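# Chain and residue survey
The chain contents come next:
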Amino acid sequence: MKTFVLILQIISALALIAVVLLQPGKSAGLSGSIAGGSEALFGSKAKGVNEFLEKITGWVAAVFIITTLALALI
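Residues numbered from 1 in each chain as written. Predicted model: local features only at pLDDT ≥ 70, side-chain atom pairs only at ≥ 80, totals over all residues. Heavy atoms only, no water.

### Considerations on the confidence of the model for the chain
Residue-level pLDDT values for the chain average 83, and 73% of them are 70 or greater. Here helix H2 (residues 29–42) stands out as the element of the chain with the lowest mean pLDDT, 54, in contrast to helix H1 (residues 2–22), whose mean of 96 is the highest. (pLDDT = per-residue confidence, 0-100. Helix = DSSP H or I, 4+ residues; strand = E, 2+ residues; numbered from the N terminus.)

Next up, the structure:
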């Protein structure tokens, strides 16, 4: 049982790292401030993808926390 939980925790840790790295930054620096005006006028094309990544991040983080607590109790 402990081995299964440990493997699940390693997989969730790697998935959490990957999902966080896939998310775009909140500020894009100087280029974002210049191009930000067009995004405000025409809307963001990747808004749905960003929301999906945020939901996946929450679920993967929850799995990681649960497996960490389970390993602490085992």
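This is not the end of the story, as more comes after the structure.
### A short note on the packing of H1 against helix H3 (residues 47–73)
Between H1 and H3, the least distance of the axes is 9 Å, while the angle of their chain directions is 150°. The orientation of H1 with respect to H3, classified from their angle, is roughly antiparallel. When you trace H1 past H3, the crossing you get is left-handed. Of the residues in H3, those touching H1 at Lys-2, Val-5, Leu-6, Leu-8, Gln-9, Ser-12, Ala-13, Ala-15, Leu-16, Val-19, Val-20 and Leu-22 are Leu-53, Ile-56, Thr-57, Val-60, Ala-61, Val-63, Phe-64, Thr-67, Thr-68, Ala-70 and Leu-71. Taken together, the residues of the contact of H1 with H3 sort by class into 17 nonpolar, five polar and one charged. (Axes fitted to C-alpha atoms, helices over the stretch in contact; angles between N-to-C directions. Parallel < 35°, antiparallel > 145°, perpendicular 65-115°, else oblique. Left-handed = near helix turned anticlockwise from the far one by under 90°. Contact = heavy atoms within 4.5 Å. Nonpolar A, V, L, I, M, F, W, Y, C, P; charged D, E, K, R; others polar.)

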